[in-house]
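# Examination of the molecular architecture
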Amino acid sequence: MQRREKTYIRGTFDAVVVGAGHAGCEAALALARLGKKTAVITISLDAIAAMSCNPNIGGTGKGHLVREIDALGGEMAKNIDKTYIQSRMLNTSKGPAVHSLRVQADKQAYHRAMKKTLENEPNLTIIQGEVDEVLFDNGTATGVRMTTGAVLESKAVILATGTYLKGRIFEGELNYESGPDGRFPARYLSASLNENGIELRRMKTGTPARVHRRSIDTSKMAVQEGDKTIVPFSFMNEADAIKRDQEVCYLTYTTKPMHEYILAHMDRSARTLGDITGEGPRYCPSIEDKVLRFKDKDQHQVFIEPEGTDTDEMYIQGVSTALPEEMQVEMYRMIEGLEQSEIMRSAYAIEYDSIDPTSLKLNLESKSHDNLFFAGQINGSSGYEEAAAQGIMAGINCYLKLEGKDPFIIKRSEGYIGVLIDDLVTKGTNEPYRMMTSRCEYRLSLRQDNADMRLTEYAYRIGLASEERYNHMLEKKKRIDGELEKLKSKSIGPKEETNAYLESLGTTALKTAVTLEELLRRPEIHYDNLAKFMELTLDKPDEILELETIVKYDGYIKKQNKEIENFLKMEERSLKDFDYSLVKGLKTEAKEKLEKFRPSNLGQASRISGVSPADINNIIIYMEINKRK
């Protein structure tokens, strides 16, 4: 696309969002719903909320983010509830802290539903085109310019460009300028950012091939069906209201001959050729990386997943690659059940520009440029859920900045979104960042089932969560608290009939009277087992899970709450305008890092790489001496 030099004013807005992927959609909707006149610009209207890689939402750690986005009044959970084709709750054999909902999406239906939501938003203007420049006045963002010469004036700008910035596709020796799915890349915006002192670096991700359904031999694969009990992603939806027939997925495996074939032709991978310079995602490696990294393994899991109900394209999860197309044809046919596979879309790697997220404040605003916010993969993250989480937070904080209000920061102790943003901004990342439950220190308290109880009140105060959503949360809390009080007040004794029933459930007989709360603490006892002793009022899976977790993990939760109290004490000690040169005993590396990152509080400072506990202790001592003075 050529650039037009002549410009004209196309409109004046409170905020402009560049990009309408998962981050851009949430940012634009948040701003518009909070009353700000907003424009969202996308290279293609057909790319709104596009699922260029795996057509699914959620999964381990990621499902927590979706629930938190929903609790804040976001759209992702509602949209996937409208358009899912299979739903599964992962890790149910483990503790509730790691339960994660994962659903397969109809990718085109998901796109259409989100596009319609944006179109129906009164304060939102949707524009197709390419942004080539962010406009500034004395370091403050004042709008954007498009390649057509159109200028959109605004008080703030959010960049949510995904993998489009100078995007380049790689398939073996072949590489060319492109965005994902063969769309136009954003060719000019990177230069504008560089000219204004915003440094960029290259990152890489990839996607596997899509094959025709008819070319798959499913008799050689294990069937993966959805759950019979549906758990909605949105707290505002009831299971019966969204229940529908589900599609089937399949599990198969790579083979030893396939691994040997890849190793023998590794010199033809774009990565080996040296054409790709950006770092790829560690937790979603290409098949080349898997074969190299795990040479002792003769097979790897491969999931075959439908891309929708009105298409025969099947997604080959676990086999992304940057090998040339002719090799892909041979390689995929070495997978069990894919011996006759017909590739409809080839696999590819894509490299794109991103920023160093440590250049951002915790509200996702640039440290060097006022009213310029960043969200999604441009910040070094990977995944739709991570992008959407940053999008809604950037939208909320952009609104608050325009209103002259304090930023909204979710602490690490309050949500996975807090962990995600704090990790990016404080620690940075050299590879696409993926959310996992293991990254969260307080995961027993930050479960997906209680995201609304943790965050909805914040969103209600800001104005993004509706009265209906807020009351829905309060009613849920009232039901759970009321049932908990009933369990505490109701006692049962060691009667013969009672003990016989308990032994039938695999637990020991009573010797003395216990409350039903104490009985529920036993691992073998579940909430529905208590129906013999009292009338049960909870019937929603989320509410039952939350009640059981509160009771069964009471000791652990109390212990974690004490850890959170200590954590919050560190977070409350402000380092705004702090002069580190005055602190005796502070290591040179620590001093340099602290001056560079300018952490907002002591807790954030403690998480910066290169800053030791001893350095933090020296700062505390200095603060205490100054306080006494």
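Residue positions are given per chain, counting from 1 as you read along its sequence in written order. For a predicted model such as this one, the threshold for reporting local features is a pLDDT of at least 70, and the threshold for listing and counting side-chain atom pairs is 80 or more; totals across whole chains, interfaces and linings nevertheless cover every residue. Hydrogen atoms and water are omitted, and side-chain values are computed over all heavy atoms in the structure.

As recorded in an unreviewed UniProt entry, the protein goes by the name tRNA uridine 5-carboxymethylaminomethyl modification enzyme MnmG, listed as coming from Fenollaria massiliensis. UniProt positions are given in the numbering used here, feature names are shortened, and annotations may be inferred rather than shown by experiment. Within the UniProt record for the protein, the comment given under Subunit (unreviewed entry) is "Homodimer. Heterotetramer of two MnmE and two MnmG subunits." In its Sequence similarities (unreviewed entry) section, the UniProt record describing the protein reads: "Belongs to the MnmG family."

Here the focus is the layout of surface pockets. For the second largest pocket, the calculated volume is near 1100 Å³. For each structure, a 1 Å grid was placed over the protein atoms alone; sets of points admitting a 1.4 Å probe that cannot get out are labelled cavities, open sets with protein on both sides within 12 Å along at least five of seven lines are labelled pockets, and lining residues have an atom within 4 Å of a point. Around the second largest pocket sit 40 residues that line it, and Lys361, Leu362, Pro407, Ser600 and Gln604 are the ones nearest its centre. A run of H or I in DSSP counts as a helix once it spans at least four residues, and a run of E counts as a strand once it spans at least two, with each numbered from the N terminus. Mapped by element, the contributors of at least two residues to the lining of the second largest pocket are α11 (384-402), α12 (416-427) and α18 (554-571). Sorting elements by how many residues they give to the lining of the second largest pocket places α12 first, with five residues. The class makeup of the residues in the lining of the second largest pocket is 16 nonpolar, seven polar and 17 charged. Grid points are joined across faces, edges and corners, and a volume is the space filled by probe spheres set on the points. Note on residue classes: Ala, Val, Leu, Ile, Met, Phe, Trp, Tyr, Cys and Pro are nonpolar, Asp, Glu, Lys and Arg are charged, and everything else, Gly too, is polar.

The strands that make up a sheet pair up through hydrogen bonds in the backbone, lying either parallel or antiparallel. One bridge is not enough; two strands pair if DSSP finds at least two bridges between them. Strand order in the open sheet made by the three strands is β3-β5-β4, with antiparallel pairing throughout. Single-partner strands in this sheet number two, and they are β3 (56-58) and β4 (84-90). The sheet shows a mean angle of 15° between the axes of neighbouring strands, taken without regard to direction. Orientation is described by lines fitted to C-alpha atoms, with helices fitted over the stretch in contact, and by angles between N-to-C directions that extend from 0 to 180 degrees.

Quick look at the packing of helix α1 (residues 22-33) against helix α4 (residues 107-119) now. Taken N-terminus to C-terminus, the directions of α1 and α4 make an angle of 25°; their axes are 11 Å apart at the nearest point. What the angle tells us is that α1 and α4 run roughly parallel. Once α1 is placed against α4, the crossing between them reads as left-handed. Seen from α1, the contacting residues are His22, Cys25, Leu29 and Arg33; seen from α4, they are Tyr110, Met114, Thr117 and Leu118. For the contact of α1 with α4, the class distribution of residues is five nonpolar, two polar and one charged. If an angle is under 35 degrees, it is roughly parallel; if it is over 145, roughly antiparallel; if it lies from 65 to 115, roughly perpendicular; otherwise it is oblique. Crossing chirality is assigned from the near helix's rotation relative to the far helix, an anticlockwise turn below a right angle marking it left-handed and a clockwise turn marking it right-handed. In what follows, a contact means two residues having at least one pair of non-hydrogen atoms within 4.5 Å.

A large share of strand β2 (residues 38-42) lies buried, amounting to five of its five residues. Side-chain alternation along β2 places Thr38, Val40 and Thr42 on one buried face and Ala39 and Ile41 on a second face that is also buried. In this structure, strand β1 (residues 8-18) lies alongside β2, joined through four bridges in parallel fashion. For Val16, the partnering residue across the bridge sits in β2 and is Ala39. Bridge analysis of β2 against strand β6 (residues 124-128) gives five bridges, and the strand direction is parallel. Of the residues in β6, the one forming a bridge with Ile41 is Ile127. Throughout, exposure labels follow a simple rule: accessible area from a 1.4 Å probe, protein chains only, divided by the maximum for the residue type, with under 20% read as buried, over 50% as exposed, and the rest as partly exposed.

Moving on to the sheet that holds strand β11 (residues 174-177). Judged by pairing direction, the sheet is antiparallel, and its four strands sit side by side in the order β11-β10-β19-β12 without closing on themselves. Each of the sheet's edge strands pairs with one partner strand only, and the pair in question is β11 and β12 (200-207). Recorded for the sheet is a direction-independent mean angle of 25° between the axes of neighbouring strands.

Think of it this way: a Phe, Tyr or Trp ring, Trp meaning its six-membered ring, pairs with another when their centres are within 6.5 Å, and the plane angle makes it stacked under 30 degrees, edge-to-face over 60, tilted otherwise. According to the stated counting rule, one finds seven aromatic pairs in the structure shown. An aromatic cluster is present here, built from Phe578, Tyr580 and Tyr622 joined pairwise through their rings. By the criterion adopted, a ring carries a charge over it if an Arg CZ or a Lys NZ lies within 6 Å of its centre and within 35 degrees of its normal. For the cation-ring pair, Lys297 lies above Phe294, with the distance from its terminal atom to the ring centre recorded as 5.6 Å. The ring of Tyr433 carries Arg439 above its face, with NZ or CZ at 4.1 Å from the centroid.

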